[in-house]
Structure formats: C-alpha cells, structure tokens
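# Structural overview
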Amino acid sequence: MLVCVTRQNKAAPIKLMCLQKFTEEKLGQAEKTELDAHLENLIARGDCTKNWTEKIFRQTEVLLQPNPSARIEEFFYEKLDRKIPSRTTNGELLGQYMLDAAKDFGPGTPYGSTLITVGEYQKRLGGAEREFLQTSAISFLTPLRNFLEGDWRTISKERRLLENRRLDLDVCKARLKKAKLAEAKAAAEHELRVAQTEFDRQAEVTRLLLEGISSTHVNHLRCLHEFVEAQAAYYAQCHKLMQELQKDLSRIPNAFVINPSTSGMSVCSPHSVTSLPGASSPSRSLEVKPPATGTRKAKVLYDYHAADTSELSLFSDELITVYTMPGMDPDWLIGERGNEKGKVPVTYLELLS
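I will try to describe carefully the structure that is included in this document. The residue count restarts for each chain, going from 1 along the sequence in the order it is written. Local features are withheld for residues below a pLDDT of 70 in this predicted model, meaning they are given only at 70 or higher, and side-chain atom pairs are given and counted only at 80 or more; totals for whole chains, interfaces and linings count all residues. Calculation of side-chain values draws on the structure's entire complement of heavy atoms; hydrogens and water are dropped beforehand.

Moving on to the sheet that holds strand β5 (residues 349-351). Strand pairing is defined by DSSP finding a minimum of two bridges between the two strands. Helix and strand definitions follow DSSP, with helices as H or I runs of at least four residues and strands as E runs of at least two, each counted in order from the N terminus. Read from one edge to the other, the open sheet built from five strands follows the order β4-β3-β2-β1-β5, with strand pairing classed as antiparallel. What marks the edges here is a single partner per strand, and that holds for β4 (340-345) and β5. Between one strand axis and the next, the sheet turns through 40 degrees on average, direction left out of account. Bridge analysis of strand β3 (residues 332-337) against β4 gives six bridges, and the strand direction is antiparallel. Bridge assignment links Arg337 to a residue of β4, and that residue is Glu340. To obtain an axis, a line is fitted to C-alpha atoms, over the contacting stretch when the element is a helix, and the angle between two such axes runs from 0 to 180 degrees between their N-to-C directions.

Written out as structure tokens, the structure is:
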C-alpha cells in the first residue's frame, strides 16, 4: 500500500487522495509529475544492475555448490549468523574411499597400491577444491550478496519514498486547481511548496544513491578479476596434480591390466599405459634387431590385435618365442611366430620356463 507523507492533521484525507491519484494514473485518467531524464536513466541502470547481479549471484552459487540442500543449509547458517560447518568435498570423500578399499584389497597388490596413489591425489584435489570454494565465496559471492541485501534494499526503500513524495505533490497540484476561494488557494499553494520541497529533496537523495551504482560496477569488476584468478589457480593446481599422478602411475608395473584368465573382470588395453607421459608408445616404428639373450617360450593368454605394423597380433593359447631388447619398455617384448615378428604386451603372455 502506498503511504503519502504530509502534515499530521491531514494525513488521512491526503492518503485517500494519493490512492485515488495512483489509481487514476494507472488508468490513464490523470497527469503525473515526471522525473527528469537523468534520474530515469539512473533508475533503469539500477534495475538492470540488480537483475543481472541477482542472476549471476544465483548461478555462481549453483556452480560452487551444485547440491541444493547444501545451499539451503548454508543460507540458514548465514541468516542465523553462525559459522558454516566444514563440509568434505567429493574429491576428498572419493580419495578416502580409495584408501579404505586399498586396505581390504591389500596395499602390496598392484590394484591396492594404485588405489593408494590415486586416493591420495584425489584428496589433494579435493583440498584444492575446498580452497577454491572458500576463496570464491569471499572474493566474489560476498560482495554480490552485500549489494543485493544492503545497497539495493536501501535504494529500493528510497525509491518507494520518492514515489510517495511524487504522489503527494500531484495531489497538492490537483487540490490547487480545484481551490476556488482565496483562502483555500493560499493553503493549497503552501502545501504545494512544501510537497515540492520534499519531493526535490527525496529526488536528490535517490539520485545520489543511484549514481553510486557506478562504484558498485567498479567493485564488482575487481571481484570478477579475483574470481577468474582463483579459477585459474585452481585449475592450474589440478592440472599439475594430474600430471604428477600420471607420472606416479607410470612407475607402477602392470597397474592397469587385469589377467582375464584369473578374473571375470574386463581387460584394459595396454595402450592406456603407454599413453602416459614417460611411457613408450606401441605405435612407434620398430627396428627389429637380432635376438638378445633370454629368448624363451611364452603362452598367449588371450587374443591381441596389433595396433600397427610394429606389433604382432596374438591368438589365445598359441605358443610364441619372446625376447627383450636393450632400452625396451619393460611392459613389452619382441615376439616371433615363424617369419612374423613384432612387439607384444607382456601382460597378454604367460612366460614359460
């Protein structure tokens, strides 16, 4: 409900006239005092800033905390002015599950030792995520929230008061037009001057507040830069950790391949190992040299299709001759079948004495 501020002894009649005036304006039956163009532009700019700040704020919340229940919980903690409890990140939780699983599978097994390595890195990634979330909340979300819940509420309050002053002014103008007697005209003119003064004063207050939106933009621009810097640091840290993890995994022998002859689980291609940094690529051209010492027979455990001409295709249960070459990747051997020769993955073979 609109409330017009006038002299106390005439508050009720003026209030009714303001409501009537407001209704007539909405119906196009009455003229209204227009704000100056500069103030109108400031109001439009302020509304635009509020609307987009609200959308950016809400979507950033979703980005940083996708769980709606967790966002609601954090909202209530903030309203109660209580510290938000520390929450384990998904990466940290996954890392802990991997470490616990490694204990059951055996930390000395290839799978168990790999779980330990990956689990530790997952926890480190989760810690990096936690730091990123905290930094972003302080440097980006908090300033946006302060604008919406602080500055904008003050602006909205003063704009509503300005609208009431304008209605009061228009009512006084209408009363002056209707006044017939000299005494009534004098009283109406006095009320009009008072209303005009109050309207001008409130318009100035509102204008000053809306002009402060420019400072808000400067502040939010700085916060946006800080948000991007936090994102860049977070993703760079994640990339560095993943590179370190890949190097550590490449040092674990046979960590990615499961022997299907002893397990019903699916088999990972040995190419996944050789694609890691520091590992040799099976697609690299192979210069076959005379056999080195250690030539022996090997039984093929399951079929393998050569990726290129440097490799030898294998067929389950066949016997081939294998040997190694100086400088070869330990996960590969040279295999011979008659006149055919090429690289073969060790994990597809059972070496015979």
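Attention now goes to unusual backbone geometry. Of note in this structure, Asp317 is not a glycine but carries a positive phi near 75 degrees. We classify Asp317 as exposed; its relative accessible area is 56%. Categorising residues by exposure relies on relative accessible area from a 1.4 Å probe, with only protein chains included: less than 20% of the type maximum marks a residue as buried, more than 50% marks it as exposed, and the intermediate range marks it as partly exposed.

Right, let's get into the packing of aromatic side chains. Side-chain rings of Phe, Tyr and Trp (the six-membered ring for Trp) are treated as a pair once their centres are within 6.5 Å; stacked means planes under 30 degrees apart, edge-to-face means over 60, and tilted covers the remaining angles. Counted according to the given criterion, the structure contains eight aromatic pairs. An angle of 45 degrees between the planes, with centres 5.2 Å apart, marks the rings of Tyr234 and Tyr235 as tilted. Under the relative-accessibility criterion, Tyr234 is labelled buried at 15%. Overall, the relative accessible area of 49% leaves Tyr235 in the partly exposed class.

On to the pattern of salt bridges. The rule for a salt bridge is simple: a side-chain nitrogen of Lys or Arg has to be within 4 Å of a carboxyl oxygen of Asp or Glu. Summed over the entire model, instances satisfying the criterion amount to 16 salt bridges. Between Arg124 and Glu244 there is a salt bridge, with its nearest N and O atoms 3.7 Å apart. Highlighted residues: Arg124 in helix α5 (residues 110-178) and Glu244 in helix α7 (residues 213-250), separated in sequence by 120 residues. On the accessibility criterion, Arg124 (42% relative accessible area) is partly exposed. You can call Glu244 partly exposed: its relative accessible area is 26%. When the shortest N-O distance is used, the salt bridge between Arg337 and Glu340 registers 2.8 Å. Look at Arg337 and you get buried, because its relative accessible area is 18%.

A few words now on the packing of helix α4 (residues 90-105) against α5. With their axes 7 Å apart at the nearest point, α4 and α5 run at an angle of 165 degrees to one another. Taken as axis vectors, α4 and α5 run roughly antiparallel relative to one another. By crossing handedness, the relation of α4 to α5 is classed as left-handed. Within the contact of α4 with α5, the residues separate by chemical class into ten nonpolar, eight polar and five charged. Angular relationships are summarised with four words: roughly parallel below 35 degrees, roughly antiparallel beyond 145, roughly perpendicular across 65 to 115, and oblique for the angles in between. By convention, the crossing between two helices is left-handed when the near helix turns anticlockwise from the far helix through less than a right angle, and right-handed when the turn is clockwise. Residues are sorted three ways: Asp, Glu, Lys and Arg are charged, Ala, Val, Leu, Ile, Met, Phe, Trp, Tyr, Cys and Pro are nonpolar, and all the rest, Gly among them, are polar.

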